[in-house]
Amino acid sequence: MKKIITILFLISLFISCSTKEKTDEELLKLDKIALTKSLDSYKVFPYKFAKIAIRSSFTRDTHSEEFQSFKSTLNKLSGKLMSHNVSEPQKLSFLDYLSIYRDYKKMEEFVMKTDEDQFPTISDIVKVAYGDSTKEKVPYYEGESKKIVQSLEHTVLSVIPVLGKEIALYECSKTNPDYLPDSEIKTLLHYLRGFLFFEKGLYYLSEDEITRNITWLEKNKGIDLPYTREVFQWGNLNNEQTHTGIHGLNYLFRGFDRLMMKRKIDEERALQDFEVFIKDANEIGLQNEITWSIETYLYLKNEKKEKAIASLTKLKRSSLLSSKEKSKIEESIKYLKERETGSLLNGAYDKYFLAKIATKYMFSMLAEVEWKKMLKEQNVPHVDEMFVMVDNVKHLMSNINLYMTKDGLKEVGEDLKNKGKGLFDKAKGLIE
């Protein structure tokens, strides 16, 4: 009998331990592990391959023996990616891409385990490649200055939308706001990291990032915010109003993080964050898809049916929404008009739909920013050449990913067959 009681006690102890709520710290740690795993992606590795090739092209260190064995291959690729002719950049052929794909497959394991930050910064490489003279030995960034510069480079590349969400997340993971001086770039980087972590479903990582940013913003109220005005198209706002706007947007996405979490306390915190966002938005007269969405959610929570319908009607007119999403809002309006008592929240307007509208709005803002123009205004050297490089990398990624699938290889093979047997046989030799 004692043995049975002991077994039952151990079982109950195991169940209670396994069902015990995890702490914020434990959940944050799980998100960090999930982030690392998400970067092991067939979309990220070809990009890393290109970045390593570019950053190692003028390295003055020997690095490992393995790197030395691949050095000539990497130099060949970097030469193709770093076109000097801005008006007519070098175009890669089918055979170029197939050759690069073959090289990539040989180096795949090396790419997976190699940290690109061990090589010189892109700024260093650009200075040598496109500088007025390569005769003099240009000093490279080292130590703390290198950490700052490469963190800024990762930041710039994480906001260029043509590279895609997976690359934005990879670049964002390589940034470190702590390396940056107290400036507008630092707060925008915190916000961007928080937003991208949220979009990836890493809610605890995102909440941690944004909470730190809110603390930073509340301690630095007098900071100049010209980039923030440009990114969010707030040209009519003064500096104090811009600070209120970005403060509110941080509360907004922390609210979304908490809304997606499973604990009751998280939902309560989310509603408090949304209240702060609406207060800040009203203070500066901000009216857009996000404010209408959050207004609706809060009105529904507080059983204010008529006000919820008014906000939903504004939202339904948005050009950001698809016809299917507008139809879903129309369902919600119809449901609310017919509903007299009880909870007004229903599946037609849930937290996922709410978050989808907010992320659409953010991506639309980022897509409209003229990043090249902004960098030139800050006197960043060789911006045109850098964007040619980005464009070449973008084309490389899309084509190399095509060749990484059997269907893609078959499609290319058929195309080459039509162009001539000699070309097709040459391509086969590269693949085999």
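Look above for the structure.
Criteria and thresholds
- Residues numbered from 1 in each chain as written.
- Predicted model: local features only at pLDDT ≥ 70, side-chain atom pairs only at ≥ 80, totals over all residues.
- Heavy atoms only, no water.
- Core = buried A, V, L, I, M, F, W, Y, C linked by side-chain atoms within 4.5 Å.
- Buried < 20%, exposed > 50% of the residue type's maximum accessible area, 1.4 Å probe, protein only.
- Contact = heavy atoms within 4.5 Å.
- Helix = DSSP H or I, 4+ residues; strand = E, 2+ residues; numbered from the N terminus.
- Lys, Arg positive; Asp, Glu negative; His and termini not counted.
- Salt bridge = Lys/Arg side-chain N within 4 Å of Asp/Glu carboxyl O.
- Polar contact = N/O pair within 3.5 Å; in protein donor to acceptor, adjacent residues only side chain to side chain.
- Expected span 1.5 Å × (residues − 1).
- Axes fitted to C-alpha atoms, helices over the stretch in contact; angles between N-to-C directions.
- Parallel < 35°, antiparallel > 145°, perpendicular 65-115°, else oblique.
- Nonpolar A, V, L, I, M, F, W, Y, C, P; charged D, E, K, R; others polar.
- Phe/Tyr/Trp six-rings, centres within 6.5 Å; stacked < 30°, edge-to-face > 60°.
- Lys NZ or Arg CZ within 6 Å of the ring centre and 35° of its normal.
- Left-handed = near helix turned anticlockwise from the far one by under 90°.

Chemist: Quick question: what am I supposed to make of the nonpolar core here?
Modeler: Phe-49, Leu-252, Phe-253, Phe-256 and Ile-294 are the most contacted members of the largest nonpolar core, which totals 101 residues. If near-sequence neighbours (up to four positions away) are discounted, Ile-294 is found in contact with Leu-252, Phe-256, Phe-274, Phe-277, Ile-278 and Leu-354. Counting 12 residues, the second largest nonpolar core, distinct from the first, contains Leu-321, Ile-329, Phe-353 and Ile-357.

Chemist: Is there a simple way to explain the side chain of Glu-289 in this structure?
Modeler: For Glu-289, the location among the structural elements is in helix α14 (residues 289–301). Here Glu-289 sits buried without a salt bridge, and the closest side chain of opposite charge, Lys-326, lies 9.0 Å off (N-O distance). At 2.6 Å, the side chain of Glu-289 and the side chain of Ser-318 are in polar contact. Apart from residues lying up to four places away in sequence, Glu-289 is in contact with Leu-315, Ser-318, Leu-320, Ile-357 and Tyr-361.

Chemist: Can you walk me through helix α10 (residues 203–219) in this structure?
Modeler: Along an α-helix, residues three or four positions apart point the same way, because every turn accommodates 3.6 residues. Taking 1.5 Å of rise per residue, the 17 residues of α10 would be expected to cover 24 Å, and the 24 Å separating its terminal C-alpha atoms lies within 8% of that figure. For α10, the complete set of buried residues consists of Tyr-204, Leu-205, Ser-206, Glu-207, Glu-209, Ile-210, Asn-213, Ile-214, Trp-216 and Leu-217. Buried positions along α10 lie against α2 (24–38), α9 (184–199), α12 (239–260) and α13 (264–284).

Chemist: Honestly, the packing of helix α3 (residues 44–55) against helix α4 (residues 65–81) in this entry has me stumped. Any pointers?
Modeler: Each packed pair of helices is defined by two parameters, the angle between the axes and the distance between the axes. For the pair α3 and α4, the least separation of the axes is 8 Å and the interaxial angle reads 95 degrees. The orientation of α3 relative to α4 falls into the category roughly perpendicular. Residues Phe-49, Ala-50, Ile-52, Ala-53 and Ile-54 of α3 pack against Leu-74, Leu-77, Ser-78 and Leu-81 of α4. Within the contact of α3 with α4, the residues separate by chemical class into 8 nonpolar, 1 polar and no charged.

Chemist: Sorry if this is basic, but what is going on with unusual backbone geometry here?
Modeler: Glycine aside, the phi torsion of most residues is negative, and most peptide linkages are trans. Notably, Gln-233 is not glycine yet its phi reads approximately 55 degrees, a positive angle. Considering the arrangement of structural elements, one finds Gln-233 in the loop between α11 (226–231) and α12. The class for Gln-233 is partly exposed, based on a relative accessible area of 44%. One non-glycine residue, Glu-303, lies in positive phi territory at about 60 degrees. Looking at the element boundaries, Glu-303 is found in the loop between α14 and α15 (305–316).

Chemist: Mind showing me how you'd approach the packing of aromatic side chains here?
Modeler: What characterises a pair of aromatic rings is the spacing of the ring centres plus the angle enclosed by the ring planes. Inspection of every chain in the model, using the stated rule, returns 15 aromatic pairs. Taking 5.0 Å as the distance between ring centres and 25 degrees as the angle between the ring planes, the aromatic pair formed by Phe-232 and Trp-234 counts as stacked. Considered together, Phe-232 and Trp-234 belong to a single accessibility category, that of buried residues. Chaining the aromatic ring pairs together yields one cluster made of Tyr-191, Phe-195, Phe-198, Tyr-203, Phe-232, Trp-234, Phe-253, Phe-256, Phe-274, Tyr-297 and Phe-363. Lying across the ring of Tyr-140, Arg-60 places its NZ or CZ 3.8 Å from the centre.

Chemist: Help me out: how do you make sense of the pattern of salt bridges in this one?
Modeler: Pairs can form between side chains of opposite charge once their charged atoms are near each other. This structure, assessed with the given rule, holds 33 salt bridges. Close ionic contact of Asp-115 with Lys-174 constitutes a salt bridge, the shortest N to O distance being 2.5 Å. Highlighted residues: Asp-115 in the loop between α5 (94–113) and α6 (122–130) and Lys-174 in helix α8 (residues 165–174), separated in sequence by 59 residues. Among the salt bridges present, the one from Arg-263 reaches Asp-266, with a minimum N-O distance of 2.8 Å. With respect to burial, Arg-263 and Asp-266 carry one shared label: buried. Several salt bridges converge on common partners, so that one network encompasses Lys-51, Arg-55, Asp-115, Glu-116, Asp-117, Glu-171 and Lys-174.

Chemist: Even after reading the chapter, I still don't get the environment of Ile-223, so can you show me in this structure?
Modeler: Along the chain, the position of Ile-223 falls in the loop between α10 and α11. Residue Ile-223 is classed as buried on the basis of its relative accessible area of 14%. In this structure the C-alpha to C-alpha distance between Ile-223 and Asn-239, which are 16 residues apart in sequence, comes to 7.9 Å.

Chemist: Which parts of the structure should I look at to understand the packing of α9 against α10?
Modeler: Put simply, α9 and α10 touch, their axes get as near as 8 Å, and they point 160 degrees apart. Between α9 and α10, the angle falls in the class roughly antiparallel. Between α9 and α10 the crossing geometry is left-handed. Note on element contacts: α10 touches α9 through Tyr-203, Leu-205, Ser-206, Glu-209, Ile-210, Arg-212, Asn-213, Trp-216 and Leu-217, opposite Lys-186, Thr-187, His-190, Tyr-191, Arg-193, Gly-194, Phe-197 and Phe-198. Taken together, the residues that form the contact of α9 with α10 break down as 8 nonpolar, 5 polar and 4 charged.

Chemist: Teacher, can you tell me more about the environment of Phe-67 here?
Modeler: Along the polypeptide, Phe-67 turns up in helix α4. Each C-alpha atom, one on Phe-67 and one on Val-111, is 10.0 Å from the other, the two residues being 44 residues apart in sequence. When neighbours within four sequence positions are excluded, Phe-67 is seen to be in contact with Ser-56, Thr-59, Thr-62, Leu-74, Phe-110 and Phe-119.

Chemist: Quick question: what am I supposed to make of the environment of Ala-308 here?
Modeler: By secondary structure assignment, the location of Ala-308 is in helix α15. Exposure remark for Ala-308: the relative accessible area of 0% places this residue in the buried category. Ala-308 sits 24 residues away from Ser-332 along the chain, and the two C-alpha atoms are 9.8 Å apart. For Ala-308, the residues in contact, after removing those within four places along its chain, are Thr-296, Tyr-299, Leu-300 and Leu-336.

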